[in-house]
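Listed below, chain by chain, are the residues.
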Amino acid sequence: MHALDVLGDPVRRRILELLADDGELGAGEIGEIVQQEFGISQPAVSQHLRVLREHGFATVRPEGRRRLYALDPRGPREAREWLTPFERFWLPKLDALGTELARGKRSRRLAAERAESSGHAAGPTDPAVNAPHTDPAPGTPPAATTPTTEKET
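This is a predicted model, so every value here is computed, not measured.

### Examining the pattern of salt bridges
According to the stated counting rule, one finds 9 salt bridges in the structure shown. Across the salt bridge formed by R61 and E24, the nearest N and O atoms sit 2.9 Å from each other. Highlighted residues: R61 in strand β2 (residues 58–63) and E24 in strand β1 (residues 24–26), separated in sequence by 37 residues. Overall, R61 belongs to the partly exposed group, its relative accessible area being 36%. Note that E100 and R103 form a salt bridge whose closest N and O atoms lie 3.0 Å from each other. Of the two residues, E100 and R103 both sit in helix α6 (residues 87–118), 3 residues apart, roughly one turn of that helix. Within the structure, one salt-bridge network assembled from shared partners comprises R14, E17 and E37.

### A few points about a nonpolar patch on the surface
Taken together, the side chains of W82, F86, F89, W90, L91, L94, L97 and L101 make up a nonpolar region of the molecular surface, amounting to roughly 780 Å² of accessible area. In terms of residue count, the dominant contributor to the nonpolar patch is α6 (6 residues). Residue classification places W90 among the partly exposed residues on the basis of a relative accessible area of 34%.

### Re the nonpolar core
Membership of the largest hydrophobic core comes to 18 residues, with the highest contact counts inside it found for I15, L19, I30, V34 and L52. Only α1 (3–7), α2 (10–22), α3 (27–38) and α4 (42–54) provide two or more residues apiece to this core. Take this core: its biggest share by element is 5 residues, from α2. If we skip the residues at most four places from it in the chain, V34 touches V11, I15, L18, G39, I40 and V45.

Each value, and the rule that gives it
- Residues numbered from 1 in each chain as written.
- Predicted model: local features only at pLDDT ≥ 70, side-chain atom pairs only at ≥ 80, totals over all residues.
- Heavy atoms only, no water.
- Salt bridge = Lys/Arg side-chain N within 4 Å of Asp/Glu carboxyl O.
- Helix = DSSP H or I, 4+ residues; strand = E, 2+ residues; numbered from the N terminus.
- Buried < 20%, exposed > 50% of the residue type's maximum accessible area, 1.4 Å probe, protein only.
- Patch = residues over 30% accessible without salt bridge, like charges linked within 9 Å, V, L, I, M, F, W, Y side chains within 5 Å.
- Areas by Shrake-Rupley, 256 points an atom, 1.4 Å probe, with all protein chains shown as cover.
- Core = buried A, V, L, I, M, F, W, Y, C linked by side-chain atoms within 4.5 Å.
- Contact = heavy atoms within 4.5 Å.

No statement about biological role is implied by the geometric values presented.
Shown next as structure tokens:
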């Protein structure tokens, strides 16, 4: 089974989220949460835990009668290594999104500063707040914001 096949199941992803958040959990604790959220049986939870163990996503250690599970970094590392060649398809888009979000935040901040200095609140007619957004053509960088005459920080 490939690492992405392991991650393809929502129950296994939830178990991994629990282990990532809490560090180490007993099989019973995992079972209670997953049974409640997904309505599956304890044997089904045990099968998911076995798949996670066998494919390098979880480790188990006995402590008395309990079995404590923890996240094993090998599985997520394998998934990331497989996905790395494909990052070129989404990283530039995520970078562009980050740029647009920063521009919007800056535009709203400047509009609020202008409104504050003029004694008016930025309202729905303020072009800096309600500037229309259009997506650039594929392969072109996002358009620059409208230049201002005020000192930009």
